[in-house]
Every structure is written in structure tokens, then in C-alpha cells.
Amino acid sequence: MDRKQFITTSILAGAAATVAGQAFAQSLQESGLDKLTDAAGNYALQPLPYAESGLEPAMDQETVHLHYTFHHGDAVKAANNDLKMILQSLDANTLDAVDYWTRKLSYHLSSHILHTIFWTNLSKNPLQPSRELMQQISKDFGTFDRLKLLLAKTSKGVDGNGWGILGYQPFTKQLTVLQCENHEKLTQWGVIPLLVMDVWEHSYYLKFRNRRGEFVDQLFAIINWDNVSHRFEIAKKLA
Ligand SMILES: [Fe+2]
């Protein structure tokens, strides 16, 4: 098998592997939580679930506007271009370029996925975790306060830009906290994100300047735990 055949086979294998992922995505979309693509199958930016000023004063309107429109929006455009370039590079037999665009797609599509979840994780009127989620939190972390302490510490400590993530690990049926660098590094295979905390500087620099810790503490005041609980229920069914 030459290199092009290998890459083509790998892409096809990847497509097969994503059948389960598509089922998950379909379930999420049917639940009304996430929709990453438009009717034509292109990656697409979905409307915010609130006005750009809807998270004031915890998150200012200008930050939400720039973050959503340009940081998230540009990642969506880039992911579409990355996918197109992978296929064009295959057709042109420029296989070194395939490596390049595949890395770019990992970065940009992961950005699109995490940002899409991020917007729905926030609300000006936060609720408490569901009874089921609270039971799982107690089992895996002891108390809700211990989870929040761990998630805050993890998010504040990201080297450079990245995310703190509460996820459900279906292989062990446990909640887990990740410290993600950029959008795609330091994950665990299989983890389904439930709550993502964006600690890229673009999330907070206009209002909080260099005070990331203060921003993370403020973020806990606008977490939509109802959304997190809903994601937990879906994740358990798909596991
Ligand atoms: Fe971001």
C-alpha cells in the first residue's frame, strides 16, 4: 500500500469510525443542544441562545460579540477550508499538504465544537445540577464544591490558551476534568464534554485584562447547570 492509498484508507476508516460519532451528534442535534453543520453539511455557526448583552455584567457585550463573531466564526470558516484543502491535496497527490491541513482541521473543528458547547453552557439565570448529575459528582469528586474547586484550578492553570473541561468518560462511566491546551490537546479518547470553560485570552482580556483567575471565578456565576445536566443525561445514554 503506498502512502496515498494508506491515507485514503485511513480517511475511509475514520469515516466508518465516525458512524457512532454521528449517532451521538444526531442525538445531540435532535435534543436541540448542538448543531455544527448546515443543511448542506458544511460547518456552520449557530445563533447564540441569548442576546450578545445577555450575560452582562459577568461577561460584557463587546467580548461576546468579538468572541462569537470572529474567534468562533473564523474557526468555522477555517474548518470548512481545511476539509476542502485535504480533499484537493489528495486529488493533486500533494500528500505533504494532507498532513498540514489535517492538523489544521483538528484545531479548527475542535474550536468549533468547544465554542458551540460553551455558548450553551452559559446563562444569566443559572440553575443547580440535576439530582442525577449531583449524585455522579458526589461519587466521583466527593462534593459539588470539590468539583468546582478542581475545575477552577484546572482552568486557571492552563499553559497558554486553552480550556478547562468537565467531561463524561464512557469507558469508565466517570466524570473527568481535563486541562485542554489550544482546542484539541491533552484530551482522553472517548470523553464527551459536558461543561467547557474557555480561558483563551480573547474570553476575558477586554474586561479582566491579565486576571484570568478572576474571570474563571466570575464564570461560575453564569454556568447553565441545566444544560450541563442535560448533556450528562445524553452522554450516559450514548455510552
Ligand atoms: Fe474562545
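Right above here is the structure, for reference.
Calculation rules
Throughout, residues of each chain are indexed from 1 in the direction in which the sequence is written. Given that the model is predicted, a residue must reach a pLDDT of at least 70 before its local features are reported, and side-chain atom pairs must reach 80 or more before they are shown or counted; all residues, however, enter totals for whole chains, interfaces and linings. Secondary structure elements are defined from DSSP: runs of H or I of at least 4 residues count as helices, runs of E of at least 2 residues count as strands, and each element is numbered from the N terminus. Neighbour counting defines burial: a residue surrounded by 20 or more other C-beta atoms within 10 Å of its own C-beta is buried, one with 12 or fewer is exposed, and intermediate counts give partly exposed, using backbone-placed C-beta atoms. We call two residues in contact whenever the C-beta atoms placed from their backbones are within 7 Å. Two strands form a pair only when DSSP identifies at least two bridges running between them. In this description, a line fitted to the C-alpha atoms serves as the axis of each element, helices being fitted only across the stretch in contact, and the angle between N-to-C directions of two axes falls anywhere from 0 to 180 degrees. Just so you know how the angles are binned, under 35 degrees is roughly parallel, over 145 roughly antiparallel, 65 to 115 roughly perpendicular, and the rest oblique. Residue classes follow a fixed rule: Ala, Val, Leu, Ile, Met, Phe, Trp, Tyr, Cys and Pro count as nonpolar, while Asp, Glu, Lys and Arg count as charged, and any other residue, Gly among them, counts as polar.

Q: Residue-level account of the overall build of the protein, with values.
A: A tally of regular secondary structure across the protein gives 8 helices and 3 strands. Helices and strands in the protein line up, N terminus first, as α-α-α-α-α-β-β-β-α-α-α. For the protein, with 239 residues in total, the buried portion stands at 29%. For the protein, contacts bridging at least 24 residues in sequence account for 65% of all contacts bridging at least 6.

Q: How would you sum up unusual backbone geometry? Please name residues and give values.
A: The step from glutamate 56 to proline 57 runs through a cis peptide bond, and the omega angle for that step is 0°. Examined against the element boundaries, proline 57 turns out to sit in the loop between helix H1 (3-30) and helix H2 (61-92). The backbone of asparagine 93 shows a phi angle near 60°, a positive value even though the residue is not glycine. Assignment of secondary structure puts asparagine 93 in the loop between H2 and helix H3 (95-120). Unlike most non-glycine residues, lysine 173 shows phi in positive territory, near 55°. Structurally, lysine 173 is set in the loop between strand S1 (162-169) and strand S2 (174-181). The exposed category is assigned to lysine 173, around which 12 C-beta atoms lie within 10 Å.

Q: Quick one: what's the story with the environment of leucine 206, residue by residue and with numbers?
A: Its location among the elements puts leucine 206 in helix H6 (residues 205-208). Setting aside chain neighbours within four positions, we find leucine 206 in contact with Asp60, Glu62 and Thr63.

Q: How would you explain the sheet that holds S1 if you had to name every residue and give the values?
A: Reading across the sheet, the 3 strands line up as S2-S1-S3 and stay open at both edges, with antiparallel pairing between neighbours. Edge strands, defined here as strands with exactly one partner in the open sheet, are S2 and strand S3 (192-198). Between one strand axis and the next, the sheet turns by 20° as a mean value, whatever way the strands run. With 8 bridges connecting them, S1 and S2 associate as antiparallel partners. Among the inter-strand pairings, glycine 162 is bridged to a residue of S2, identified as glutamate 181.

Q: So what's going on with the packing of helix H4 (residues 131-141) against helix H8 (residues 225-238)? Which residues, and what values?
A: Where H4 contacts H8, the two axes come as close as 9 Å, and the packing angle between them is 80°. Considering their axes alone, H4 and H8 lie roughly perpendicular with respect to each other. In contact with Glu132, Leu133 and Gln136 of H4, H8 contributes Val228, Ser229, Phe232 and Glu233. Taken together, the residues of the contact of H4 with H8 sort by class into 3 nonpolar, 2 polar and 2 charged.

Q: Please give an account of the packing of H4 against helix H5 (residues 144-156) that cites residues and values.
A: Relative orientation and spacing of two packed helices are given, respectively, by the angle between their axes and the distance between those axes. Packing of H4 against H5 brings their axes to within 8 Å, and their N-to-C directions diverge by 70°. In terms of orientation, H4 lies roughly perpendicular with respect to H5. Taken together, the residues of H5 that come into contact with H4 (itself represented by Met134, Ile137 and Phe141) are Phe144, Arg146, Leu147 and Leu150. Taken together, the residues of the contact of H4 with H5 sort by class into 6 nonpolar, no polar and 1 charged.

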